[in-house]
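# Structural overview for review
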Amino acid sequence: MKFRCERDPLVEALNAASRAVTTRGSSLPVLSGLRLELHGDQLQVTGSDLDLTISVRAAVSGDADGVAVVPAKLLSDIVRALPPGAVTVEIDDDEARIGSGRSQFAVRTIPAHEYPQLPEPAESSVSLDAGAFAEALRQVVAAASNDESRPILTGVLMAAEGDGLRLVATDSYRLAVRDLPGTSVLAEGQQVLVPSTALRELSRLLSSAEAVTLRLGERDVAFEVDDVRVTSRLIEGDFPNYRGLIPNAHPNRLTVGREQLLEALRRVRLLAREATPVRLVLKADSVELLAITQDVGQAHEELDAKHDGDELTVAFNPEYLIAGIDVTPGDEITLETIDALKPALIRGVDTPEFLYLLMPVRVS
Amino acid sequence: MSPAGPASDLPEQRPTATILHVDMDAFFVSVELLDRPDLRGRPVVVGGDGDRGVVAAASYEARAYGVHSAMPSARARRLCPQAVFLAGRYHRYAEVSRRVMAIFRDVTPLVEPLSLDEAFLDVAGAERRLGPAPAIAHHLRERVLDEERLTCSVGVAGTKFVAKLASEAAKPKASPHGPRFGPGVVVVAPEDTLGFLRPLPVQALWGVGPATLAKLHRMGVTTVGDLAALPEANLVAALGRSQGRHLHLLANGHDPRAVEPERRAKSIGHEETYARDHHLRSTLDRELVGFADAVAARLRAEGLAGRTVQVKVRFGDFRTITRATTLPTPVDDAASLLHAGRALLDQVDPSPGVRLLGLSVSGLSEAGVRQLTLEEAAKGPGWERAGRTVDEIRARFGADAIGPAVLGGPDGLHVKGRHRQQWGPGGRSGDEPSTQGDRGPDGG
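For every chain, the first residue of the written sequence is number 1, and numbering continues from 1 along that sequence. Here the convention is simple: chains get letters from A, ligands get numbers from 1, in the order in which they are written. Side-chain atom pairs in this predicted model are given and counted only at pLDDT of 80 or more, local residue features only at pLDDT of at least 70, and totals for whole chains, interfaces and linings cover all residues. The basis for every side-chain value is the complete set of heavy atoms in the structure, and neither hydrogens nor water enter the calculation.

## Quick word on helix H7 (residues 160–170) of chain B
Selection rule: Throughout, exposure labels follow a simple rule: accessible area from a 1.4 Å probe, protein chains only, divided by the maximum for the residue type, with under 20% read as buried, over 50% as exposed, and the rest as partly exposed. In this text, helices come from DSSP runs of H or I with a minimum length of four residues, and strands from runs of E with a minimum of two, each type numbered from the N-terminal end.
In terms of burial, H7 of chain B is a largely internal element, 9 of the 11 residues being buried. Listed as buried for H7 of chain B are Lys160, Phe161, Val162, Ala163, Lys164, Leu165, Ala166, Ser167 and Ala170 of chain B.

Structure below.
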């Protein structure tokens, strides 16, 4: 294999694919490498930990086709450190030579035949608007769990809902649901569970893109954005019955300016340390925010708001509350409550496509 | 204008000696002797009796043979085969300790217990009511002897660490001809502090372990007096800034630490040392079930919940590893602790042989504060209520009335708990919740 290209696009391709290369010790040493495949003037760089695969196409000026696996970190570090300008890469049986100007590196390669066969993406594809999908991911993915011991909850449910697509995530403390009406990706009744790690990677790519192509296979899903393809194994198992978690009715409804509430919470949070909650005292025409950390101090702030229902105090983990309000659209939001121990519902006024359900913190 | 002397920036010392360190004499053994007067005058050792148990306490008669606490029980047996070995009864010691501490609190609310058998008292405020600190010290000894038939030794000084050294000097000493009574109370007035400290070996200072000791010896420092004579800069150069400054202060009789009543526990845990190494994950898993049950019960008893769960594993070769995880919300139920503990144990290969296993929880907060879950809102209370029900059953019918099924055997159920624990290589501190992890190197 031999090709030449500019340093910067090569750095970009190597970095993007490296994000799927596991930094923890893998059972397969070959997965610590990036797979390079050259066809004519097209270089494909692939990194994978078997669950997540990121593959990047880059235009180069090719001299000789071939396939090789090169240690990922070393290759990225070398290319990034080269002076700007053209880079030459030449790989034979067991050595990759990387050069630019008067800098020359020779790196031992990993036998390419050891690289596992990765699943081919499905033939059929659906195209989605990248902006809308990016927003939906931003609203939902953060509510997925990071707890590897509960794998189901580390996924984001993608389900057909009416004529559209619904994204759902929960870490058992909060639940985020976002509808993308008119986006028919799945057959009626179909649902898949996509690892949130893969969707986080995808989110990074969407900001600059117009469209994202989705290819759904039996056991995996691929997202294509410009020259990058993110493939992920689907999580097997049944997602919790999230509909059953959402109460049918909330007797109390607070309506408040989103930005004012966010800013106040960010201030009051400073005194909600060591897992102490922020208390919301919901009154007829105001909401009081209160944080008390023993031996540290306390913060108090009162906001104008409209509250229909009983006066009541509910406490929340400030991080979860802020995260939910932050992704709720609109200038005004509603916080609907039942009592201090039941889930509260956050929605934008006039934005029915998103909801955020949050469990309170019990304070005895 | 006088040049700034080396002592000018040192923390202030009290003008009079008003800090007491009270240390019960051979506490566990003395409590045993109350219940077994027939053993009085004989060498008695309290501690783990398994192959790997250690001595928790030794009578002065046993100490004459070289037996001391934290020594492996097997070695104690060789040194003093005629000694009476007792397994130890934590509950009984705790009960007596509570009464003794209550006597201390009659004198002053400023009582800082270090363990079951020692405490610091700040009596500055009590002097007007009860007389000067040395008199209070004598009065305390008399009351403890009168009410509990136990002896203690009291050090009186202007700082905590000098008070502790003074109580050491006040203690009875073992000798081949039987115990020799000590003075019982030793008072080191602030103006006598340097004279008291000077002849002591440097290892008497808090924070001088073997490594520091070796460095100090290389510098020709063997006594506290040698150390006090060194300029602080030399010590900082040899030992680093914090250690150098710390020892400089101590050697000159300064210790800014105040007596802190009601020190809050920083972690709650349970660990056990095994008579034989365990190689099987399944065995360790069963142990973990019992530990989670015991730790959860203690958390609930103290009204606490914790977020950080740690598993500690010591292998047969004493290599010790810990693995910890932080949960999104504080927990106080056995199921959550076990779930987290198992995930941590998964990261450990037990096949080389596990000598000690421990489970502990830190990041403690009031248990009343808890992030609720959507599942429990939908399904109703889960393990949380189960845990409280377990507590109620145990309070009525005893610890072994209910417990995890895997702890059952042909002879019934044996749950884990402090009262069941053998003293392992870690000695008493291993099962002492209020002092685990937050104890200065001067504790013990």
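Once you've had a look at it, read on.
## With respect to the packing of helix H3 (residues 130–140) of chain A against helix H4 (residues 196–206) of chain A
Residue and element names in this part refer to chain A. The line we're drawing: Fitted lines through C-alpha atoms serve as axes, helices being fitted only where they are in contact, and the angles separating the N-to-C directions of these axes extend from 0 to 180 degrees. Should an angle fall under 35 degrees it is taken as roughly parallel, and over 145 as roughly antiparallel, whereas 65 to 115 is taken as roughly perpendicular and any remaining angle as oblique. Working rule for handedness: look at the near helix, and if it is turned counterclockwise from the far one by less than a right angle, call the crossing left-handed; if clockwise, right-handed. We call two residues contacting when some pair of their heavy atoms lies within 4.5 Å.
Between H3 and H4, the shortest axis-to-axis distance is 10 Å and the interhelical angle comes to 140 degrees. Classed by the angle they form, the pair H3 and H4 counts as oblique. As H3 packs across H4, the resulting crossing turns out to be left-handed. When H3 is examined against H4, the residues Ala130, Phe133, Ala134 and Leu137 are found in contact with a partner set consisting of Leu199, Leu202, Ser203 and Leu206.

## Topic: the nonpolar core
The criterion, for reference: Throughout, nonpolar core names a set of buried Ala, Val, Leu, Ile, Met, Phe, Trp, Tyr and Cys residues whose side chains join them through atoms within 4.5 Å.
Judged by nonpolar contacts, the single largest core of 66 residues is most densely connected at Phe133, Met158, Leu167, Leu202, Phe223 and Leu280 of chain A. If we ignore the near neighbours within four places in the chain, the residues touching Phe133 of chain A are Leu128, Met158, Leu165, Leu167, Leu180, Leu202, Leu206, Val212 and Phe223 of chain A. One finds Met24, Leu39, Tyr93 and Phe104 of chain B within the second-largest nonpolar core, a separate group that totals 44 residues.

## Regarding the pattern of salt bridges
Any two side chains of opposite charge can pair if their charged atoms end up close together. Note the cut-off: Basic side-chain nitrogens of Lys or Arg form a salt bridge, by our definition, when they fall within 4 Å of a carboxyl oxygen of Asp or Glu.
Applying the stated rule across the entire model yields 47 salt bridges over all chains. Two residues, Glu161 of chain A and Arg243 of chain A, come together in a salt bridge whose shortest N-O distance is 3.1 Å. Placement of Glu161 of chain A in strand E11 (residues 155–161) and of Arg243 of chain A in helix H5 (residues 242–245) is noted, with a sequence separation of 82 residues between them. Linked through salt bridges whose partners overlap, the residues forming this network are Glu32, Asp35, Arg89, Arg92, Glu95, Arg99 and Glu148 of chain B.

## A closer look at the side chain of His21 of chain B
All names here are of chain B. Operational definition: Within 3.5 Å is the distance limit for a polar contact, defined as a pair of N or O atoms, with the added protein rule that one can donate a hydrogen and the other accept it, and that residues adjacent in sequence qualify only through two side-chain atoms.
Inspection of the secondary structure assignment puts His21 in strand E1 (residues 19–24). Of the residues examined, His21 reaches a relative accessible area of 0% and is grouped as buried. Looking at His21, its side chain comes within polar contact range of the side chain of Glu118, at 2.7 Å. Side-chain polar atoms of His21 contact the side chain of Ser167, separated by 2.7 Å. Aside from chain neighbours lying at most four places away, what touches His21 is Leu114, Glu118, Ala119, Phe120, Ser153, Val154, Gly155, Ala163, Lys164 and Ser167.

## Some details on the sheet that holds strand E8 (residues 185–187) of chain B
Residue and element names in this part refer to chain B. Rules: By this definition, two strands are paired if DSSP reports at least two bridges between them.
Strands sit in the order E5-E6-E1-E7-E8 across an open sheet of 5 strands; the sheet is mixed. Of all the strands in the sheet, just strand E5 (111–115) and E8 have a single pairing partner and so form its edges. Strand-to-strand, the axes of this sheet are offset by a mean angle of 15 degrees, without reference to chain direction. Together, E1, E5 and strand E6 (118–122) form the strand contacts of helix H4 (residues 90–107), whose direction differs from that of E5 by roughly 155 degrees.

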